[in-house]
Amino acid sequence: MRLSKPLPPNSTIGILGGGQLGRMLSLAAARLGLKCHIYAPEADSPAFQVSAAHTVASYEDEAALARFAKQVDVVTYEFENVPATTAVFLDSRVPLYPGVKALAIAQDRLAEKTFLAGEGFEVAPFAAVDSLADLETALAHIGRPAILKTRRFGYDGKGQVKILEGTSPGEAFEAIGGVPAILEGFVAFEREISVIAARGMDRSVAVYDVPENVHRNHILHTSTVPAMISPETTRQAQHIGDTIVSVLDYVGVIGIEMFVTADGLVVNELAPRVHNSGHWTMDACLVSQFEQHVRAISGWAIGSPASHSDVVMTNLIGDDVNRWGDLSEEPNTAIHLYGKSEARPGRKMGHINRLTPRQS
Ligand code: AMP
């Protein structure tokens, strides 16, 4: 369904997923006088702590989904692995943004790469792999090094294996569980960047400054704004963001990961939601990515993406969160903690934004 008019304050936004992204969406919505109802299967979801209502139920529970649909005015999601049947079920009852199409593309790496290449964007060479024989054929075409990735449910480097000169294809296919996959040629990138773009229901588009992203152990470590790239590369990256949201007739915020290479930009991945590499917008922009998403899916005008400070966002992973005391003494550092009870290794517990205000 589509929203017929902008949601007035006191309306309720339904969010599928109760992690830190849902939590920060809920906080941004509250500031605009909008309520959030979080739907998640985990009873200790961090977003519950800051939201007006929540439902603990599985994404397959149609009775619970139907009740949820009756209690909210619009639905969005904070992760892209929402089952397609759940999205379609809700979409037939209540407006759902960014929508079923963007989800379908982003949850399947083969569909994603095919879409991107079809739109004329540069992507890594890729081939579908459904069997060991497919993998051997794909390796003969694409060469090594290459990366074998599951088509679905991969994040933070999970479901991926690098294939080097000596790697046995059989072992690599086994390592990802022998499930449908794609083989990607390894891109010799100079740096990684991303584009955070927003599109409103009136089709207006806002694209933020471009962060440069550094990963550690496959998890985002820092996002630095501005990225060390030329104005021309920045313009090209933002243009890619603008084009993708327009082609998808998108409503909401999207994160698009890209590689900067000597030959230009290579698009790696779409995330049809607010994105970790956009967390710096919370403190360096008038309108954060979270507020922007809430505005867009509520039918409001989207705001300016302009930034007022240079910024380095650093994720607090696992035990890093125990540094909150020292971090709180740093001037020009904003701290965001997600309220998670247990600091497991590799778990995103919070982030900080270290700002350098620009002289005007
Ligand atoms: P992804 O799950 O596709 O976002 O990949 C996670 C990380 O693995 C990326 O941020 C890159 O650092 C690296 N990576 C993924 N695909 C490639 C590729 N085709 N070539 C080189 N590095 C890659």
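Basis of the calculations
- Residues numbered from 1 in each chain as written.
- Predicted model: local features only at pLDDT ≥ 70, side-chain atom pairs only at ≥ 80, totals over all residues.
- Heavy atoms only, no water.
- Helix = DSSP H or I, 4+ residues; strand = E, 2+ residues; numbered from the N terminus.
- Rg over C-alpha atoms; globule rule 2.2 N^0.38 Å.
- Contact = heavy atoms within 4.5 Å.
- Areas by Shrake-Rupley, 256 points an atom, 1.4 Å probe, with all protein chains shown as cover.
- Lys, Arg positive; Asp, Glu negative; His and termini not counted.
- Charge placed at Lys NZ, Arg CZ, Asp CG, Glu CD.
- Patch = residues over 30% accessible without salt bridge, like charges linked within 9 Å, V, L, I, M, F, W, Y side chains within 5 Å.
- Salt bridge = Lys/Arg side-chain N within 4 Å of Asp/Glu carboxyl O.
- Near = heavy atom within 4 Å.
- Polar contact = N/O pair within 3.5 Å; in protein donor to acceptor, adjacent residues only side chain to side chain.
- Nonpolar A, V, L, I, M, F, W, Y, C, P; charged D, E, K, R; others polar.
- Pairing = 2+ DSSP bridges.
- Axes fitted to C-alpha atoms, helices over the stretch in contact; angles between N-to-C directions.
- Phe/Tyr/Trp six-rings, centres within 6.5 Å; stacked < 30°, edge-to-face > 60°.
- Lys NZ or Arg CZ within 6 Å of the ring centre and 35° of its normal.

1. Quick word on the overall build of the chain
- Within the chain, the secondary structure is distributed over 11 helices and 17 strands.
- Relative to a compact globule of 360 residues, whose C-alpha radius of gyration would be 21 Å, the chain shows 20 Å and is just as compact.
- Taking all contacts inside the chain whose residues are at least 6 apart in sequence as the whole, residues at least 24 apart take part in 62%.
- Entry remark: accessible area of the chain is about 15,600 Å², with carbon and sulfur atoms responsible for 52%.
- The average position of the 31 basic charges and that of the 41 acidic charges among the side chains of the chain differ by 6 Å.

2. Comments concerning a nonpolar patch on the surface
- Taken together, the side chains of W324, I335 and L337 present a nonpolar region at the surface, about 280 Å² in accessible area.
- Here L337 is to be found in strand β16 (residues 333–337).

3. What to know about the site of the ligand
- For the ligand, the set of nearby residues contains 16 residues, the closest of which are K149, Q160, V187, E192 and E269.
- The separation between an oxygen atom of the ligand and a polar side-chain atom of K149 is 2.7 Å.
- A distance of 3.2 Å separates an oxygen atom of the ligand from a polar atom in the side chain of E257.
- At the level of secondary structure, the elements contributing two or more residues to the shell around the ligand comprise β6 (146–150), β8 (181–185), β13 (252–261) and β14 (264–271).
- Here the shell around the ligand is built from residues that sort into six nonpolar, four polar and six charged.

4. Focus: the environment of Q238
- Within the secondary structure, Q238 is located in helix α8 (residues 231–247).
- For Q238 and L327, which are 89 residues apart along the polypeptide, the C-alpha to C-alpha distance reads 32 Å.
- Setting aside its immediate chain neighbours within four residues, Q238 contacts V195, V207, Y208, D209 and V210.

5. What to know about the sheet that holds strand β4 (residues 74–77)
- Reading across the sheet, the four strands line up as β3-β2-β1-β4 and stay open at both edges, with parallel pairing between neighbours. The strands lining the two open edges of the sheet, one partner per strand, are β3 (53–56) and β4. For this sheet, the mean angle separating the axes of adjacent strands, direction not counted, is 20°.
- Across four bridges, strand β1 (residues 12–16) lies against β4 in parallel orientation. When the bridges of β4 are listed, G14 appears paired with V75.
- Sitting on the sheet, helix α2 (residues 62–71) is in contact with β1, β2 (35–40) and β4, with an inclination near 170° to β2.

6. Concerning the packing of aromatic side chains
- All chains considered together, the criterion is met by five aromatic pairs.
- Plain terms: the ring middles of Y59 and F79 are 5.4 Å apart, the flat faces sit at 45° to each other, and that makes the pair tilted. Within this pair, whereas Y59 is found in the loop between β3 and α2, its partner F79 is found in the loop between β4 and α3 (84–91), the two being separated by 20 residues in sequence.
- In textbook terms, an aromatic cluster arises when at least three aromatic residues are bridged by ring pairs, as seen for Y39, Y59, F68 and F79.
- One residue, R93, lies across the ring of F89, its end atom 3.8 Å from the ring centre.
- Taking NZ or CZ as reference, K162 lies 4.2 Å from the ring centre of F186, over its face.

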